[in-house]
Each structure stands twice: as C-alpha cells, then as structure tokens.
Amino acid sequence: MRLLLVEDEERLARAVRRVLESERYQVDHADNGADAVTMGQQSDYDVIVLDVMLPIMTGIQVCRVLRESGVKTPILMLTALGEVEDKVAGLDVGADDYLVKPFAFDELLARLRALLRRRPEVSQETSLIVADLELDLTKHRAMRGDIEVELTATEFRLLELLMRHVGQVVSRVRILERVWGYTYDGQASVVDTYVHYLRAKIEPEGAAPLIRTVRGVGYTMMEG
C-alpha cells in the first residue's frame, strides 16, 4: 500500500513513518500543505494521512483543493484534542475520517485498515468514451468514429490513463509512474514523444483535437 503522510512535526512524522513502514506501507512524506497538494495530485496513493495544522496551507485547504481537482483518495485527518470545528470542517470538505492527537499507533493502523476496506471496488467498465473516441478495454481496441486506430501496448496504456482522467491535468511524472512503472529511470521527454505518436493516430487531419498540452506540467484529455 502506498501512503502519503502530511505532518510538519518532525519527531511525530518520523515515529509514524517508522510504524507504517513496519506494517509494509510505502510512505511518502510532505511537511507543508503546498507539497501535499502537488504530491496528492501527481501520484496515486491508497490513502492520505493529513494533519490539520500545516505551514503554507492548512490541512482543510489541502483536502478541499484535492477533492475539487478530482482526487478521490481516502483521507484521514489528524486533529488537535477537542477541536470540534476542525473535525467538522475536515469532513465537510471531503475527509473520510479523523483521528485526535495524541493517538495510539494501534488506533491509527485500525482506522487506516477501515478506510482501505471501504474503498470503491475496481470498476468493471469495459470501454471508455470521450467525444467520438472509444477505447475497448476488453478487446484492446481503439475507434475514432468508424475508423479503428492501431495502438502499441504503451500507447494504449497512455490513452487509457488520459481518458480515465478526462478534464484533469495529468503530469508527466504521474504518466511515467502509471504507464512505464515506478522503476522506469528514463527522462520525462519520453512522455512527450509518446503523446506525439498518440496524437498522430487519434487526431488525423480534420478531426477535432482531444489532447491538450499544459505547458510545464503535462497533458489533459478534452471532452471534444
């Protein structure tokens, strides 16, 4: 399981990370709200542990931004003892649960297990459709209108990722992680190369463009 821990108290963050890693979580750490937003949007986490009191942006603000940008990762908020307003505010902006400081590590682990059990089941959809582009996930085939588009396995994975996040900006880092895997050690320019290949195939002359470049960030699939 991959987890994002957002906590600015260094000693507590080290202790929590040590416990989580002993339970075989892969833990990334952010110590301020701005980094938490960036990491939460660019990487696919199984769960986010998010403190309320953070530098730059509060945990409430981070949670709101992540939810408004389409991030559905379960979020466990860490709140101060007796701060009912923080609990209510966190739940109102999309947090899934909260844990009051100071807390027992056993309770933290139990709440994380409960959140992970409540995750939505993996979608059973067989195709993705954006405008007149259809991606058949069972037959591994793409159609733009009435014309079949021949894709390589990598191009297919890239197109599927973009179509699953229509209207959202998908960063080059996230594309590398999801299409090539975490162990891929190449340069991000390979993403640009494959997007170029993909555009040439799904956006023939005269067809409406579907993939838009977000300069300095990545790409987004438009609804047409």
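About the thresholds
Residues numbered from 1 in each chain as written. Predicted model: local features only at pLDDT ≥ 70, side-chain atom pairs only at ≥ 80, totals over all residues. Heavy atoms only, no water. Helix = DSSP H or I, 4+ residues; strand = E, 2+ residues; numbered from the N terminus. Expected span 1.5 Å × (residues − 1). Buried < 20%, exposed > 50% of the residue type's maximum accessible area, 1.4 Å probe, protein only. 1 Å grid on protein atoms, 1.4 Å probe; cavity = no way out; pocket = protein on both sides within 12 Å on 5 of 7 lines; lining within 4 Å. Points joined across faces, edges and corners; volume = space filled by probe spheres on them. Core = buried A, V, L, I, M, F, W, Y, C linked by side-chain atoms within 4.5 Å. Contact = heavy atoms within 4.5 Å. Pairing = 2+ DSSP bridges. Right-handed = clockwise from strand over helix to strand, strands pointing away. Arc of directions from axis to C-beta. Axes fitted to C-alpha atoms, helices over the stretch in contact; angles between N-to-C directions. Parallel < 35°, antiparallel > 145°, perpendicular 65-115°, else oblique. Nonpolar A, V, L, I, M, F, W, Y, C, P; charged D, E, K, R; others polar.

Glancing now at helix α6 (residues 153-164). Counted at 1.5 Å a residue, the expected span for α6 with its 12 residues is 16 Å, and the 17 Å between its end C-alpha atoms agrees. If you check which residues of α6 are buried, you get T154, E155, F156, L158, L159, L161, L162 and M163.

Of the voids in this model, the second largest pocket is the one considered here, and its volume is about 190 Å³. Lining the second largest pocket, in full, are T38, Q41, Q42, S69, V71, Q168, V169, V170, S171, R174 and V217.

What follows deals with the nonpolar core. By size, the foremost hydrophobic cluster in this structure holds 27 residues, and its most contacted members are L159 and I175. Looking at this core, the elements with two or more residues in it are β6 (127-130), β7 (133-136), α6, α7 (172-180), α8 (189-202) and β12 (218-221). Each residue touching L159, except ones within four places of it in the same chain, is listed here: L133, L135, A142, L151, L198, I202 and M221.

We now examine the pairing of strand β4 (residues 75-79). Counting buried residues along β4, five of its five residues qualify, which places the element largely inside the surrounding structure. Neither face of β4 is left uncovered, since the one carrying I75, M77 and T79 and the one carrying L76 and L78 both have all their residues buried. Summarising the sheet, strand β3 (residues 47-51) and β4 pair through four bridges and their orientation is parallel. Of the residues in β4, the one forming a bridge with I48 is I75. Note on the crossover from β3 through helix α3 (residues 59-68) to β4: the handedness is right-handed. With four bridges joining them, β4 and strand β5 (residues 97-100) adopt parallel strand pairing. Each residue of the ladder has a partner; that of T79, found in β5, is V100.

With that settled, the discussion passes to helix α2 (residues 33-42). Turning to α2, its buried residues are G33, A36, V37 and G40. The arc enclosing the buried residues of α2, seen along the axis, measures out at 100 degrees, which places them on a common side. Structurally, α2 contributes buried residues whose contacts are with β1 (2-6), β2 (26-30) and α3.

A few words now on the sheet that holds strand β11 (residues 211-214). With respect to topology, three strands assemble into an open sheet ordered β10-β12-β11, the strand pairing being antiparallel. Because the sheet does not close on itself, it has two edges, and the strands there are β10 (169-171) and β11. Between one strand axis and the next, the sheet turns through 30 degrees on average, direction left out of account. By the bridge criterion, three bridges tie β10 to β12 in an arrangement that is antiparallel. Note that in β12 the partner of V170 across the bridge is Y219.

Here we take up the pairing of β3. Along β3, five of the five residues are buried, which leaves the element largely enclosed by surrounding structure. Side chains V47, V49 and D51 of β3 all project onto a buried face; the interleaved residues I48 and L50 project onto the opposite face, where all are buried too. Bridge count for β1 against β3 is four bridges, and the pairing is parallel. Bridge pairing in β3 places V6 opposite L50.

The next subject is the side chain of R144. Note on placement: R144 falls in strand β8 (residues 141-144). On the basis of relative accessible area, R144 is assigned to the buried category, the value being 9%. Apart from the residues within four sequence positions on either side, R144 is in contact with D132, L133, V149, I202, E203, A207, A208 and L210.

At their nearest, the axes of α6 and α8 sit 10 Å apart, and the two run at 85 degrees to each other. Considering their axes alone, α6 and α8 lie roughly perpendicular with respect to each other. Across the interface between the two elements, T154, E155, L158, L159 and L162 from α6 touch Y194, V195, Y197, L198, K201 and I202 from α8. Each residue belonging to the contact of α6 with α8 can be placed in one class, and the counts come to eight nonpolar, one polar and two charged.

Within the secondary structure layout, L151 lies in the loop between β9 (147-149) and α6. Between the C-alpha atom of L151 and that of T220, which follows or precedes it by 69 residues, the distance is 19 Å. Once residues lying within four places of it in the same chain are set aside, the contact partners of L151 are L135, A142, F156, L159, L198 and K201.

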